Amino acid sequence: MRADDYDGVTDYVDAATVSLIILGNNSKCKMDIISQLQEQVNTIAAIAFNTFGSLQRDAPPVQLSPNYPEPPANGNPVEDAANLAEQPKLLSAELVKAAKQFDALVAALPLSEGGEEAQLKRIAELQAENDAVGQELQKQLEAAEKELRQVQELFSQAADNCLNLKKPD
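Residues numbered from 1 in each chain as written. Predicted model: local features only at pLDDT ≥ 70, side-chain atom pairs only at ≥ 80, totals over all residues. Heavy atoms only, no water.

Draft legend 1. Highlighting the overall build of the protein chain. Of regular secondary structure, the protein chain possesses 4 helices and 0 strands. Listed N to C, the secondary structure of the protein chain is α-α-α-α in terms of helices and strands. Here the analysis covers contacts within the protein chain between residues at least 6 apart in sequence; of these, 72% occur between residues at least 24 apart. Surface summary for the protein chain: the accessible area is close to 13900 Å², and the carbon and sulfur share equals 57%. (Helix = DSSP H or I, 4+ residues; strand = E, 2+ residues; numbered from the N terminus. Contact = heavy atoms within 4.5 Å. Areas by Shrake-Rupley, 256 points an atom, 1.4 Å probe, with all protein chains shown as cover.)

Here is the structure:
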């Protein structure tokens, strides 16, 4: 079956849905696109998990081999058959909708300019900048540790001086 075979699922996600996905709604704080993509992947995983779980739970019993006894029948097959036929369609439609929302978020990602070589060059620049900042932070850490040792030494001397000034009883 194709996604458009399900009622209520269209082949496109309209602009209002895209802006709702990208901007978030009033009940959630606004997230960047990467966070939204992560959230959408989690949503797809949860829907898939629930879909597979309900299919497994609701599957009719089947005899695995003629060597095994016939499995017991379900309680009300007419009522269960109606629910069983409709539920996979609803869950599949929800999964397709979530996948289309994910696709809309991917399409909303900014395009990289200059191709792979420009990206690699930018990564190298950022790495060099990161290394320079890391070295500067290391120097500041060493200076702070040196200053801390000096303060501790002065405090120790001050404490010793205070103790030495005290007259024995």
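Okay, back to it.
Draft legend 2. Highlighting the pattern of salt bridges. Using the criterion set out here, one finds 1 salt bridge in the structure. Among the ionic pairs, glutamate 125 bridges to arginine 122, the shortest N-O distance being 3.7 Å. With a gap of 3 residues between them, glutamate 125 and arginine 122 both fall in helix 4 (residues 115–165), about one helical turn apart. Assessed through its relative accessible area of 38%, glutamate 125 is described here as partly exposed. Arginine 122 gets classed as partly exposed once you look at its relative accessible area, which sits at 44%. (Salt bridge = Lys/Arg side-chain N within 4 Å of Asp/Glu carboxyl O. Buried < 20%, exposed > 50% of the residue type's maximum accessible area, 1.4 Å probe, protein only.)

Draft legend 3. Summary view of the side chain of glutamine 101. Structurally, the position occupied by glutamine 101 is in helix 3 (residues 77–108). For glutamine 101, a relative accessible area of 18% puts it in the buried group. At 3.2 Å, the side chain of glutamine 101 forms a polar contact with the side chain of glutamine 40. (Polar contact = N/O pair within 3.5 Å; in protein donor to acceptor, adjacent residues only side chain to side chain.)

Draft legend 4. Highlighting the confidence of the model for the protein chain. Residues of the protein chain with pLDDT of at least 70 account for 74%, and the chain-wide mean is 78. Ranking the elements of the protein chain by mean pLDDT puts helix 1 (residues 15–23) last with 44 and helix 4 first with 93. Confidence drops under pLDDT 50 across residues 1–29; counting only partners more than four residues distant or on other chains, this segment forms 33 contacts. (pLDDT = per-residue confidence, 0-100.)

Draft legend 5. Examining the UniProt feature "coiled-coil region" (unreviewed entry) in the protein chain more closely. As annotated by UniProt and renumbered to match this structure, "coiled-coil region" (unreviewed entry) occupies residues 123–161. Taken end to end, residues 123–161 has its terminal C-alpha atoms 56 Å apart, with 100% of it in helix and 0% in strand. (UniProt positions renumbered as here; feature names shortened; annotations may be inferred.)

Draft legend 6. Here's a closer look at the environment of leucine 109. Residue placement: leucine 109 occurs in the loop between helix 3 and helix 4. The class for leucine 109 is partly exposed, based on a relative accessible area of 27%. Taking the C-alpha atoms as reference points, leucine 109 and isoleucine 33, separated by 76 residues in sequence, lie 7.0 Å from one another.

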